[in-house]
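The chain contents come next:
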Amino acid sequence: VFVLSPVDLVNADLALTLTNPNGLSRPGTIQRIGIEVRNNGPDAHAPFGVAFGSYSLALTNQTPTPDPFRIIGTTDPACNFVVTTIGSGDPVFASTSIGLPTIPPGQSRSCEVLVEVLPTARGSRSLPVILTHWGVGVVESTRLNNSGAMRLTFTAEPVPFGDERCLW
């Protein structure tokens, strides 16, 4: 049995922080989701990505999308934005990732992701966001700080009369 192992391992503790919009995300608006990745060291980390979970996307607008938003890009061209679609129907499933450059130890990189809220948006939606490592030989001391969630609230939740949450 032969095992190939990289000569130089990368030992970097990366941490993902997300900033979601406050309040309601009104239909027809563009919301900004802040992403910050910090390298707590001790090594610099080669290029890697931040992946957003799958969501449904109506490409031709003939079938309403179950998800009330589209991820449409970033505000910084240095944040390499990629959308991968899976399937041939309408809607299809989409997955978005943001590629980031090398981050030296003790530094961080930030991106803003632009999310278009569709006119049919109702309720709320949470989408997992995961810090991904590209390449072999990455040693991470903790992966507990490598995920988060994009959270959008489109309409206020009605509170039925007599509900314990109703204070009057």
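No experiment lies behind these values; they were computed from the predicted model shown.

Draft legend 1. Fine view of the overall build of the chain. Along the backbone of the chain there are 0 helices and 10 strands. Helices and strands appear in the chain in the N-to-C order β-β-β-β-β-β-β-β-β-β. Each of the 168 residues in the chain was classed as buried or not, and the buried ones make up 36%. A fraction of 73% describes how many contacts in the chain between residues 6 or more apart in sequence connect residues 24 or more apart. For the chain, the exposed area adds up to about 9,800 Å²; of that, 57% sits on carbon and sulfur atoms.

Draft legend 2. Geometry of the state of the cysteines. Tallied over the entire structure, the rule returns 1 disulfide. A disulfide bridge connects Cys-79 with Cys-111, and the sulfur atoms are separated by 1.6 Å. Across the disulfide from Cys-79 to Cys-111, rotation about the S-S bond amounts to roughly -90 degrees, and the bridge is consequently left-handed. Of this pair, Cys-79 sits in the loop between strand 4 (69-74) and strand 5 (80-86) while Cys-111 sits in strand 7 (residues 108-117); the two residues are 32 residues apart in sequence, bridging distant segments of the chain. By relative accessible area, Cys-79 is classed as buried at 4%. Taking relative accessible area as the criterion, Cys-111 reaches 6% and is therefore assigned buried.

Conventions adopted
- Residues numbered from 1 in each chain as written.
- Predicted model: local features only at pLDDT ≥ 70, side-chain atom pairs only at ≥ 80, totals over all residues.
- Heavy atoms only, no water.
- Helix = DSSP H or I, 4+ residues; strand = E, 2+ residues; numbered from the N terminus.
- Buried < 20%, exposed > 50% of the residue type's maximum accessible area, 1.4 Å probe, protein only.
- Contact = heavy atoms within 4.5 Å.
- Areas by Shrake-Rupley, 256 points an atom, 1.4 Å probe, with all protein chains shown as cover.
- Disulfide = S-S within 2.5 Å.

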